[in-house]
Amino acid sequence: MTVEQNVLQPGGAAKHQQTFLNQLREITGINDIQVLQQALKDSNGNLELAVAFLTAKNAKVPQQEEATYYQTALPGNDRYISVGSQADTNVIDLTGDDKDDLQRAIALSLEESNRAFRETGITDEEQAISRVLEASIAENKASLKRTHPEVWSDSPNPYDRKRQDNCPVGLKNVGNTCWFSAVIQSLFNLLEFRRLVLNFNPPANAQDLPRNQKEHRNLPFMRELRYLFALLVGSKRKYVDPSRAVEILKDAFKSNDSQQQDVSEFTHKLLDWLEDAFQIKAEEERDGEKPKNPMVELFYGRFLAVGVLEGKKFENTEMFGQYPLQVNGFKDLHECLEAAMIEGEIESLHSENSAKSGQEHWFTELPPVLTFELSRFEFNQALGRPEKIHNKLEFPPILYLDRYMHKNREITRIKRDEIKRLKEYLTVLQQRLERYLSYGSGPKRFPLVDVLQYALEFASSKPVCTSPVDDLGASAPSSGTLPAQTSPSTIDQQGPSSSDVPSTSPVQRSVIHKPFTQSRIPPDLPMHPAPRHITEEELSVLEGCLHRWRTEVENDTRDLQESISRIHRTIELMYSDKTMVQVPYRLHAVLVHEGQANAGHYWAYIYDHHQNRWMKYNDISVTKSTWEELERDSFGGYRNASAYCLMYINDKEQYLIQEEFNKETGQILLGMDTLPSDLRDYVKEDNKRFEKELEEWDAELAQKAQQEKLLSQIPRAPAPSPAPVQAGEPEYLEQPSRTDLSKHLKEDSVQAINKALAEQEDRGPEAIMDTAIKLEYARLLKLAQEDPPPECDYRLRHAIVYFIQNQAPKKIIERTLLEQFGDHNLSFDERCRNIMKVAQAKLEMIKPDEVNMEEYERWHQDYRNFRETTMFLMVGLDFFQKKSYMEALLYLIYAYQNNKELLSKGPYRGHDEELISHYRRECLLKLNEHAAALFESGDDQEVNNGLIIMNELIVPCLPLLLVDEMEEKDIVAVEDMRNRWCSYLGQEMEPNLQEKLTDFLPKLLDCSTEIKGFNDPPKLPSYSTHELCERYARIMMSLSRTPADGR
């Protein structure tokens, strides 16, 4: 639903005017549609003459332009108009010295373009949409051919792709189609629009169709859109594939270009195609009456253009669809609308004899679904490329449009005049306040109240009778003399001296070469400057004046601030009376873009009107959201994300969001019950295929389990003894079990037993064991209570230390100690064997209800996880210090994820989260820089290697950094990495590099925070407890000596 104005005469030129306007815009760089239309009209449709007129040096817009600017749309063609445009008088000169060559090139370009249109019958706008679709399909096919392993990827388990309860269904990104998902989901969640699509019936005389290319395109697309909507309603899948609908769109056009196009053009075209499809049906069903198109009734409105042109008043009624709004220079949506509704000098509207021109727009009929298109892109003429506007723009969840309605024009004009008067007064008050808050005439200015306070403090300071230099010389201690040639300026530069100089000597001091921090200020030196001479009377008068002036200034400042606040409040409430809150529109959807002008990622926030909450639709991921998250991502000014399209719906038209009811029973229809019979059958067939996937997966798992059971029953030959491991190089094995760990505790147990025997040599084994356990517990308790240096972690020495610090139940600790002393490793001599048997007997006597064994196992599993996390961290940090960042990354990722899970159970369950986060972040940043350097080299092999690093290591890890919104440093790091690659967009490069960059950037800019499953974790070395503590200490010590950047 483009918003254009028909100023050309009916016929061939009028039919394809948008093609010509697009060509003029591309050639000249002029975006103002009024200027382009006027040039095309003045040249009688001759594109070459129109280009020559627009590109002529110092070209001026003819006087007829204003007349055309306010011209009413031709009868029958008032659907396409221009809203809120202004003529650009600064026409760009593109001719230079090679004007003839340029004109010849332009003529050839236009001739080629016209010939292509005559041969294919396809407009440039349609070809642009085709380029987007072809790029998407090509990307999808290419992605199927990729064989590089990912750090994490979609699980082949179909249960991971199963829809949970009644969670909304997502749309698969089939290759740069996030824009398609955002638009389709926003429309699908309009229940009235959904009903129209689902209940669309092809024309009865479909056998005679397609009669033309438009019908050949629209009817198949409507069929696929119905299927897609039906799957979104009743599918058992977590997300569905829209490839068939995208393929239909792609096949409708022919183009060899794959450049990206503005997604708003797709939105326009999509709704145009739907409108055309419904128009075919409407024309078939009419009975002599003018056919009604439900798409037009849903998305189109009308406004009245009231204006003055050279003293003559005019009124024109015009139709609009998506309403374009400029963002630059405005702080909120109402300011954008005010600027779009008023053009030119509106003061002349009420005067009869004025040469000034201007116009106002007043809505006469608002559509049920009102869409605002936010213009967040502008062409940078200096750089020769489009740029995105990141300015913050606020918009409300409820928008009252009464002030823009034609029926309220008189009261709105009064209020606008009042607001204008208040703003002028507000400007004066703000200027006055600024003089109080920034007082002074120099480059540095301060609040006047502070200046007066400083003056008061100076006047009240204790007076001194000598200069600061003389005062220091009289009281400084002696330690030598200063040569007589030393100048006062040198003394000033050297600062105060600590030498001891006799009072009879001249003012000369020796130079003391000490750092500033070692200097000592004499105790009698005033901390602030003070007046030399001031009488009590003078001080009294001065203090009285300064106090009085300060009070006056404080009162004046407060009065100004209160007046400014009152005026702001008056302006805010100007339209809050009952008569101006009768046309409420509720925010239904916000379509967001993150990235730069040439590349980025799209997603949508859509309001669930029945659950009263916001949902985030990000391709396959559909998650609950909040207004706060929407604000952060949509308003702009934070990161590179901002809204580019706002969809409001009439809050009084409940049919837009109302569920269907069964006409017989009155029950609400939900899910599959809302589908026509043909679509219900279609969805059932798809669900059967998915259920078959689930059954095949279950059968495959059962078969694997049976095979493993049979293999386990086959007797195995004894395994050969392992080859000796070279010293210093740990063998990579699975982490040791608790039984393996107990071997490392043998020495501790023997020491405790020996101490107990020394204390109670004549006692029996049971008494000695009790004493040994108490001694061992006391030792471990002391370790748990100590505050060790960073390189020591006593939790690694013993599980009991870990349990004590995390307040494990007493029974868990007691059983763990009994297991330590009942371990078979203590059977090496008679005394220890007797104690071992006593401990084992006590273990057998423990009743099931005394110790919860599930809880016991959980605590020991947590400790094993803690040791494993430590190993991941150590290996990752070791690789990082060796600058092996690719190897370090995976270990640090697993260290962070495991550690985060541990810390969720208690603050002493894991390691310092900030430390692991820092090195994980640094690792990604260094890999990103390395990949960027490879890309900049231009060598094909190195470019590919750089993109492999990005696609297989960096991009999959970004959701891990974005998932925790409290980690500001991680979010900043992600933005730095993205900006590094977005900076290439404005640079000249080989076409193959440009193609690879265009293919890669949408993946990098994808804002999805869905964390997918990792592959198997990397293998870990097997260390004894002693080796583990030793290596941990060495790694931590090396970090303190050579901290990474930013630590």
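Looking at an unreviewed UniProt entry, one finds the chain named Ubiquitin carboxyl-terminal hydrolase 25, with Anser brachyrhynchus as its source organism. According to UniProt, the comment filed for the chain under the heading Function (unreviewed entry) is "The muscle-specific isoform (USP25m) may have a role in the regulation of muscular differentiation and function." In UniProt, the chain has this text filed under Catalytic activity (unreviewed entry): "Thiol-dependent hydrolysis of ester, thioester, amide, peptide and isopeptide bonds formed by the C-terminal Gly of ubiquitin (a 76-residue protein attached to proteins as an intracellular targeting signal)."

Engineer: Explain the overall build of the chain here, please?
Structural biologist: The helix and strand tally for the chain stands at 34 helices and 18 strands. The buried share of the chain, reckoned over its 1047 residues, is 46%. Considering only residue pairs separated by 6 or more positions, the chain has 74% of its internal contacts joining residues 24 or more positions apart. Summed over its atoms, the accessible surface of the chain is roughly 55200 Å², and 50% of this surface lies on carbon and sulfur atoms.

Engineer: How should the side chain of D970 be read in this particular structure?
Structural biologist: Positionally, D970 belongs in helix α32 (residues 968-982). Given the relative accessible area of 1%, D970 is considered buried. Of note is the side chain of D970, whose polar atom sits 2.7 Å from the side chain of R921. Sequence-distant contacts of D970, defined by excluding residues within four places in its chain, comprise S917, R920, R921 and L961.

Engineer: Looking at this structure, I do not really get the UniProt feature "coiled-coil region" (unreviewed entry) in the chain. What am I missing?
Structural biologist: In the numbering used here, UniProt assigns the feature "coiled-coil region" (unreviewed entry) to residues 680-707. Taken as a whole, residues 680-707 contains 100% helix and 0% strand, while its terminal C-alpha atoms sit 41 Å from one another.

Engineer: Before we go on, may I ask you to explain the nonpolar core in this structure?
Structural biologist: Within soluble globular proteins, side chains that are nonpolar generally end up buried alongside one another. In this structure, F803, L877 and W981 are the most contacted members of the largest nonpolar core, which totals 98 residues. Considering each element in turn, this core owes the most residues, 12 residues, to helix α31 (residues 940-962). For L877, the residues in contact, after removing those within four places along its chain, are L892, L915, Y919, I1035, M1036 and L1039.

Engineer: Whenever I open this one, helix α30 (residues 913-937) confuses me. Can you help?
Structural biologist: Because each turn of an α-helix spans 3.6 residues, side chains separated by three or four positions end up pointing in the same direction. Between its first and last C-alpha atoms α30 spans 36 Å; for 25 residues at 1.5 Å apiece the expected length is 36 Å, and the two agree. The opening residue of α30 is D912, an N-cap whose side-chain oxygen sits 3.1 Å from the backbone nitrogen of E914.

Engineer: What am I meant to see in the pairing of strand β3 (residues 301-309) here?
Structural biologist: Successive residues of a regular strand alternate their side chains across the two faces of the sheet. In terms of residue burial, β3 counts as a mostly covered element, since 8 of its 9 residues are buried. Taking the residues between adjacent antiparallel strands as the criterion, β3 and strand β4 (residues 312-320) are bridged by 2 residues, where E310 takes a positive phi near 55 degrees. Where β3 meets strand β7 (residues 358-365), 7 bridges bridge the pair, whose relative direction is antiparallel. Bridging from a neighbouring strand, F303 pairs with F363 of β7.

Engineer: Even after reading the chapter, I still don't get the side chain of N408, so can you show me in this structure?
Structural biologist: Along the polypeptide, N408 turns up in the loop between β11 (398-400) and α15 (409-437). We classify N408 as buried; its relative accessible area is 12%. Among all residues touching N408, those that are not within four sequence positions of it are D402, T579 and M580.

Engineer: Honestly, a negative patch on the surface in this entry has me stumped. Any pointers?
Structural biologist: On the surface, E552, D556, D559 and E562 cluster together into a negatively charged patch. Tracing the backbone shows D559 in helix α19 (residues 536-572).

Engineer: Would you take a moment to explain the packing of aromatic side chains for this structure?
Structural biologist: The geometry of an aromatic ring pair is captured by the separation of the ring centres together with the interplanar angle, meaning the angle of the planes. Using the criterion set out here, one finds 34 aromatic pairs in the structure. Taken together, the ring pairs connect F303, F320, Y323, F363, F372 and Y648 into an aromatic cluster. In this structure, R194 is placed above the aromatic ring of F188, and the distance from its NZ or CZ to the ring centre is 3.9 Å. Here the basic side chain of R920 rests over the ring of Y896, its NZ or CZ set 3.8 Å away from the ring centre.

Engineer: What is the right way to read the pattern of salt bridges from this model?
Structural biologist: When the charged atoms of two side chains lie near each other, side chains of opposite charge can form a pair. Applying the stated criterion to the full structure yields 39 salt bridges. A salt bridge links R550 to E554; the nearest nitrogen and oxygen atoms lie 2.6 Å apart. Of this pair, R550 and E554 both sit in helix α19, 4 residues apart, roughly one helical turn. Take R550: its relative accessible area is 24%, and that puts it in the partly exposed class. For E554, a relative accessible area of 30% translates into the label partly exposed. One salt-bridge network, in which partners are shared between bridges, spans R161, R237, D686, R689 and E693.

Engineer: Whenever I open this one, a nonpolar patch on the surface confuses me. Can you help?
Structural biologist: Taken together, the side chains of Y439, F446 and V451 present a nonpolar region at the surface, about 270 Å² in accessible area. Within the fold, Y439 resides in the loop between α15 and α16 (448-460). Exposure remark for Y439: the relative accessible area of 44% places this residue in the partly exposed category.

Engineer: Just checking my understanding: could you explain the packing of α30 against α32 for this structure?
Structural biologist: Geometrically, a packed helix pair is captured by the angle between its two axes and the distance between the axes. It is at 10 Å that the axes of α30 and α32 come closest, and there the two elements cross at 0 degrees. As summarised for this structure, α30 and α32 are arranged roughly parallel, according to the angle between their axes. Where α30 abuts α32, its residues E914, S917, R920, R921, L924, L925, N928, E929, A931, A932, F935 and E936 lie against K969, D970, A973, M977, R980 and W981. The residue inventory of the contact of α30 with α32, partitioned by class, reads 8 nonpolar, 2 polar and 8 charged.

Engineer: Got a minute to help me understand the environment of M222 in this structure?
Structural biologist: Tracing the chain through its elements places M222 in helix α10 (residues 213-234). Residue class for M222 comes out buried when judged on its relative accessible area of 0%. Note: C-alpha distance between M222 and I248 (26 residues apart in sequence) is 9.7 Å. Apart from residues no more than four positions distant in its own chain, M222 is found in contact with V197, F200, L274, A277 and F278.

Engineer: What exactly am I supposed to notice about the packing of helix α24 (residues 765-785) against helix α26 (residues 810-821) here?
Structural biologist: Running from N to C, α24 and α26 point in directions that differ by 115 degrees, and their axes come no closer than 11 Å. Crossing angle aside, the handedness with which α24 passes α26 is right-handed. The residues of α26 that touch α24, namely those facing M769, A772, I773, E776, Y777 and L780, are I813, L817, L818, Q820 and F821. Split into classes, the residues belonging to the contact of α24 with α26 amount to 9 nonpolar, 1 polar and 1 charged.

Engineer: Any chance you could explain the confidence of the model for the chain here in plain terms?
Structural biologist: Low-pLDDT stretches of the model should not have their predicted coordinates read in fine detail. With 68% of its residues at a pLDDT of at least 70, the chain reaches an overall mean of 75. Mean pLDDT values over the elements of the chain span from 36, in helix α5 (residues 64-69), up to 94, in β11. A low-confidence stretch, residues 478-526 stays under pLDDT 50, and its non-local contacts, those more than four residues away or across chains, total 52 contacts. Counted against residues more than four places away or in other chains, residues 716-741, with its pLDDT under 50, gives 32 contacts.

Engineer: Got a minute to help me understand the state of the cysteines in this structure?
Structural biologist: Each disulfide consists of one covalent bond between the sulfur atoms belonging to two cysteines. Per the stated rule, a full pass over the model turns up 0 disulfides. Among the cysteines around C957, which has no disulfide bond, C923 carries the closest sulfur, lying 9.0 Å off.

Engineer: What is the right way to read unusual backbone geometry from this model?
Structural biologist: Among all residues except glycine, the phi angle is most often negative; among peptide bonds, the trans geometry is most common. Located in the positive-phi region is D165, a residue other than glycine, with phi close to 50 degrees. Secondary-structure assignment places D165 in the loop between α7 (124-145) and β1 (170-171). For N612, which is not glycine, the phi torsion reads 55 degrees and is therefore positive. Turning to its location among the elements, N612 is positioned in the loop between β13 (600-608) and β14 (613-618).

Engineer: Would you mind going over the environment of L675 with me for this structure?
Structural biologist: Structurally, L675 can be placed in the loop between β16 (641-650) and α21 (677-713). Between the C-alpha atom of L675 and that of L198, which follows or precedes it by 477 residues, the distance is 6.8 Å. In this structure L675 touches L198, A230, V233, R680 and V683, once residues within four positions along its chain are discounted.

Definitions and limits used
- One numbering rule holds for all chains: residues counted from 1, following each sequence as written.
- pLDDT decides what is reported in this predicted model: residues at 70 or higher carry local features, side-chain atom pairs at 80 or more are listed and counted, and totals for whole chains, interfaces and linings draw on all residues regardless.
- Only hydrogens and water are set aside; all other atoms, that is, all heavy atoms of the structure, feed into the side-chain values.
- UniProt positions are given in the numbering used here, feature names are shortened, and annotations may be inferred rather than shown by experiment.
- Helix numbering and strand numbering both begin at the N terminus, where a helix is a DSSP run of H or I of at least 4 residues and a strand a DSSP run of E of at least 2.
- Residue exposure (1.4 Å probe, protein chains only): buried if accessible area is under 20% of the type maximum, exposed if over 50%, otherwise partly exposed.
- Any two residues whose heavy atoms approach within 4.5 Å are treated as being in contact.
- Reported accessibility uses the Shrake-Rupley method at a 1.4 Å probe radius. Residues are deemed covered only where the shown protein chains occlude them.
- The term polar contact refers here to a pair of N or O atoms within 3.5 Å; inside protein, the definition further demands a hydrogen-donor-capable atom paired with an acceptor-capable atom, and it admits residues adjacent in sequence only when both atoms are side-chain atoms.
- Side-chain atoms within 4.5 Å are what join buried Ala, Val, Leu, Ile, Met, Phe, Trp, Tyr and Cys residues into a set we call a nonpolar core.
- Any helix carries an expected span of 1.5 Å times its number of residues minus one.
- The rule for pairing is simple: two strands pair if DSSP sees at least two bridges between them.
- The patch calculation keeps residues exceeding 30% relative accessible area without a salt bridge and links them within 9 Å when they carry like charges or within 5 Å when they are nonpolar (Val, Leu, Ile, Met, Phe, Trp, Tyr).
- Here a salt bridge means any side-chain nitrogen of Lys or Arg lying within 4 Å of a carboxyl oxygen belonging to Asp or Glu.
- Charge counting treats Lys and Arg as positive and Asp and Glu as negative, with His and both chain ends excluded.
- A charged residue contributes its charge at one atom only: NZ of Lys, CZ of Arg, CG of Asp or CD of Glu.
- Only rings of Phe, Tyr and Trp enter the pairing, Trp through its six-membered ring, and a pair is recorded when the two centres are within 6.5 Å. The plane angle decides the type: under 30 degrees is stacked, over 60 is edge-to-face, the rest tilted.
- We call a charge positioned over a ring when the NZ of a Lys or the CZ of an Arg lies within 6 Å of the ring centre and within 35 degrees of the ring normal.
- Angles run from 0 to 180 degrees between N-to-C directions of axes, and those axes are lines fitted to C-alpha atoms, restricted for helices to the stretch in contact.
- Angles below 35 degrees are treated as roughly parallel, those above 145 as roughly antiparallel, those between 65 and 115 as roughly perpendicular, and all remaining angles as oblique.
- Note that Gly is not counted as nonpolar here; it falls among the polar residues with everything else outside the nonpolar set of Ala, Val, Leu, Ile, Met, Phe, Trp, Tyr, Cys and Pro and the charged set of Asp, Glu, Lys and Arg.
- Handedness of each helix crossing follows the sense of rotation of the near helix against the far helix: counterclockwise by less than a right angle gives left-handed, clockwise gives right-handed.
- The predictor attaches a confidence to each residue, and that confidence, scored 0 to 100, is pLDDT.
- Disulfide: a pair of cysteine sulfur atoms within 2.5 Å of each other.

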